[in-house]
Amino acid sequence: MSKLAVDGGQPVRTKAFPEWPIYGELEERLLLEVLHSGKWGGTGRVKLEELEQKFAAYQDAKYAVTVVNGTVGISVALQAAGVQPGDEVIMPPYTFIATASAALLFGAIPVFVDIEPDTLLLDPERVEAAITPRTKAIIAVHIAGAPCRLDRLKEIAAKHNIRLIEDAAQAVGAQWNGTGVGAIGDLGTFSFQSSKNLNSGEGGMILTNDQALADMAWSIANVGRVRGGAWYQHEHIGWNYRMTEFQAAILLGQMTRLDEQVARRERNGLLLTEMLGQIDGIVPLQRAPEITRHAYHLYMFKLAPEVADRLDKNDVIAKLSAEGIPTSYGYVPLNKNEAVLSEIRKWTGEDRTFSCPVSERASDKEVIWLTQNMLLGDESDLEDIANAVRKVMASY
Ligand SMILES: *Cc1c(COP(=O)(O)O)cnc(C)c1O
């Protein structure tokens, strides 16, 4: 066995992985067009109009509303869906904190329901048991870019007359049974924050196939105005959550690169799963056959349970890093986040606890992440990743 780089051995890799973001003259030209147009904000709406149409079409949705970021997108989608302060919103705890803080922004109460161990996605079979008369919505978070079990979740939402919202922040380009995610539920939201697979620095989008929901979301994000109404006609309480023309310009440029990047991540993600699956002590995640396209915003893999029990995940991460493979520890489940729990206490006056052993074990012991840019190179990058993982695992 070769000597580990942490012990002074030769690292598997010394090259950097592909850089992110990727841009060129097109983005430069589109940004200058906005600059010279003098229409910079979110009411001029030249590029924004084009972006909403193109992005909705890309995700197979009818209506799109651009907003300042993904967090606000979730909050607006919940409010457009009729969720009120005090209402409960079911969501997984193994997600970015924004899924929960978007609800808490207006006093809606997160209820954490555990994930499936083999996919790390919201477990539909646990959702039904968590529904109470106060439950008004389910947020299906397509974590890492893998769509949740949308057929089952839609069925449950319909049966209980509650709304299904997709947090598709990580899932630009993902498809469920051949249809783009985002408008398969009642509403879906995306993020264009710097790390995301479609990036304008900051930004967000809400998609839906329901015109009334689209109009309501638009109104909430446009200071309560109504489409086609007068400038000072505010029929709801809303805020200025508008995206700018500059962001739309960058996104239109980035969208021309999307097909190629989505295809490359998908191909490399599948290849990496094949390679990691052959390594002792590693378990790749399962993928439902209905996931006809995975967005691979993150590539997550697991240490086998018996291995995870006797070693420290942080030690694996440190050894991989020394071998030239940057990885991440990932989320701490939100049911264990004191800020989230105390905000729930603030709104409900109750100390709520949630039992989510699968999420906790995934975080504490088993799951390690790679970032999307690492899937934008060629097969030799994947071989380096697999070789480093094999070398490190053999050391235990
Ligand atoms: C990035 C992200 C968000 C929040 O998006 P912002 O644009 O950063 O506000 C919400 N949910 C998930 C799952 C995310 O990854």
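These figures come from a predicted structure and were not determined experimentally.

Cut-offs applied
Residues numbered from 1 in each chain as written. Predicted model: local features only at pLDDT ≥ 70, side-chain atom pairs only at ≥ 80, totals over all residues. Heavy atoms only, no water. Axes fitted to C-alpha atoms, helices over the stretch in contact; angles between N-to-C directions. Helix = DSSP H or I, 4+ residues; strand = E, 2+ residues; numbered from the N terminus. Parallel < 35°, antiparallel > 145°, perpendicular 65-115°, else oblique. Left-handed = near helix turned anticlockwise from the far one by under 90°. Contact = heavy atoms within 4.5 Å. Patch = residues over 30% accessible without salt bridge, like charges linked within 9 Å, V, L, I, M, F, W, Y side chains within 5 Å. Areas by Shrake-Rupley, 256 points an atom, 1.4 Å probe, with all protein chains shown as cover. Salt bridge = Lys/Arg side-chain N within 4 Å of Asp/Glu carboxyl O. Lys, Arg positive; Asp, Glu negative; His and termini not counted. Charge placed at Lys NZ, Arg CZ, Asp CG, Glu CD. Buried < 20%, exposed > 50% of the residue type's maximum accessible area, 1.4 Å probe, protein only. Polar contact = N/O pair within 3.5 Å; in protein donor to acceptor, adjacent residues only side chain to side chain. Core = buried A, V, L, I, M, F, W, Y, C linked by side-chain atoms within 4.5 Å. Domains from an automatic or database assignment. Pairing = 2+ DSSP bridges. Nonpolar A, V, L, I, M, F, W, Y, C, P; charged D, E, K, R; others polar. Buried area = accessible area lost by both parts, 1.4 Å probe.

## Some points on the packing of helix H2 (residues 47–58) against helix H8 (residues 245–255)
Okay, so step 1: At a minimum axis distance of 9 Å, the contact between H2 and H8 shows a crossing angle of 40 degrees. The angle between the axes of H2 and H8 places the two elements in the oblique class. Crossing of H2 over H8 shows left-handed handedness. Between H2, through Lys47, Leu48, Glu50, Leu51, Lys54, Phe55 and Tyr58, and H8, the contact on the second element is made entirely by Glu245, Ala248, Ala249, Leu251, Leu252 and Met255.

## Let's talk about a negative patch on the surface
Okay, so step 1: Taken together, the side chains of Glu274, Asp378, Glu379 and Glu383 define an acidic patch exposed on the protein surface.
Okay, so step 2: One can find Glu274 in helix H9 (residues 258–276).

## Brief notes about helix H7 (residues 211–220)
Okay, so step 1: Restricting attention to buried positions, one finds in H7 the residues Leu213, Ala214, Ala217, Trp218, Ser219 and Ile220.
Okay, so step 2: On its buried face, H7 is in contact with strand E1 (63–67), helix H3 (70–80), strand E5 (163–167), strand E8 (187–191) and strand E9 (204–208).
Okay, so step 3: Capping of H7 at its N-terminal end is provided by Asp210; its side-chain oxygen lies 2.9 Å from the backbone amide nitrogen of Ala212.

## A short note on the nonpolar core
Okay, so step 1: Of all hydrophobic cores here, the largest spans 101 residues; its most connected members are Leu78 and Ile138.
Okay, so step 2: In terms of residues, this core owes the most to one element, H3, which gives 6 residues.
Okay, so step 3: Counting contributing residues per domain, this core is built from domain 1 (25–254) and domain 2 (257–394), each supplying no fewer than three.
Okay, so step 4: With 30 residues, the next largest nonpolar core counts Leu370, Met374, Ala388 and Met393 among its residues.

## Focus on the pairing of E8
Okay, so step 1: The element E8 is extensively covered by neighbouring structure, given that 5 of its 5 residues are classed as buried.
Okay, so step 2: Side-chain alternation along E8 places Leu187, Thr189 and Ser191 on one buried face and Gly188 and Phe190 on a second face that is also buried.
Okay, so step 3: As paired elements, E5 and E8 share 3 bridges and run parallel to each other. Counterpart to Asp167 in the pairing with E8 is Thr189.
Okay, so step 4: Taken together, the 4 bridges between E8 and E9 define a ladder with antiparallel strand orientation. Bridging from a neighbouring strand, Phe190 pairs with Met205 of E9.

## Focus on the packing of helix H1 (residues 25–37) against H8
Okay, so step 1: With their axes 8 Å apart at the nearest point, H1 and H8 run at an angle of 155 degrees to one another. Considering the angle they form, H1 stands roughly antiparallel to H8. The two elements H1 and H8 meet at a crossing, and its hand is right-handed. Contact residues: Leu26, Glu27, Leu30, Leu31, Val34 and Leu35 in H1; Glu245, Phe246, Ala249, Ile250, Leu252, Gly253 and Gln254 in H8.
Okay, so step 2: By residue class, the composition of the contact of H1 with H8 is 9 nonpolar, 2 polar and 2 charged.

## Considering the sheet that holds E1
Okay, so step 1: The mixed open sheet is built from 7 strands, whose spatial order is E1-E9-E8-E5-E4-E2-E3. Both edges of this open sheet fall to E1 and strand E3 (109–112), since each of them pairs with a single strand only. Between one strand axis and the next, the sheet turns by 25 degrees as a mean value, whatever way the strands run.
Okay, so step 2: Against the sheet, H2 contacts E1, E8 and E9, and its axis sits at roughly 130 degrees relative to E1.

## Remarks on the pairing of strand E12 (residues 298–303)
If a strand is regular, its side chains alternate between the two faces of the sheet.
Okay, so step 1: In terms of burial, E12 is a largely internal element, 6 of the 6 residues being buried.
Okay, so step 2: Examined bridge by bridge, E12 and strand E13 (residues 367–371) share 5 bridges and lie antiparallel to one another. Looking across to E13, one finds that Phe301 is bridged to Ile368.

## What about the pattern of salt bridges?
Okay, so step 1: Throughout the structure, instances matching the rule amount to 28 salt bridges.
Okay, so step 2: Between Arg45 and Glu49 there is a salt bridge, and its shortest N-O distance comes to 3.2 Å.
Okay, so step 3: Judged by its relative accessible area of 36%, Glu49 falls in the partly exposed class.
Okay, so step 4: Here Lys136 and Asp87 are joined by a salt bridge, their closest N and O atoms 3.4 Å apart. With Lys136 in strand E4 (residues 135–141) and Asp87 in the loop between H3 and strand E2 (88–91), this residue pair connects regions lying 49 residues apart in the sequence.
Okay, so step 5: What emerges from the salt-bridge pattern is a single network uniting Glu125, Glu128, Arg152, Glu155 and Lys159.

## Topic: the domain arrangement of the chain
Okay, so step 1: On domain assignment, one finds that the chain holds domain 1 (25–254) and domain 2 (257–394).
Okay, so step 2: Placing the centre of domain 1 and that of domain 2 at their C-alpha centroids yields a distance of 24 Å.
Okay, so step 3: Each partner contributes residues to the interface: domain 1 has 48 residues there, and domain 2 has 41 residues.
Okay, so step 4: The contact between domain 1 and domain 2 buries some 3,900 Å² in all, and 61% of this surface belongs to carbon and sulfur atoms.

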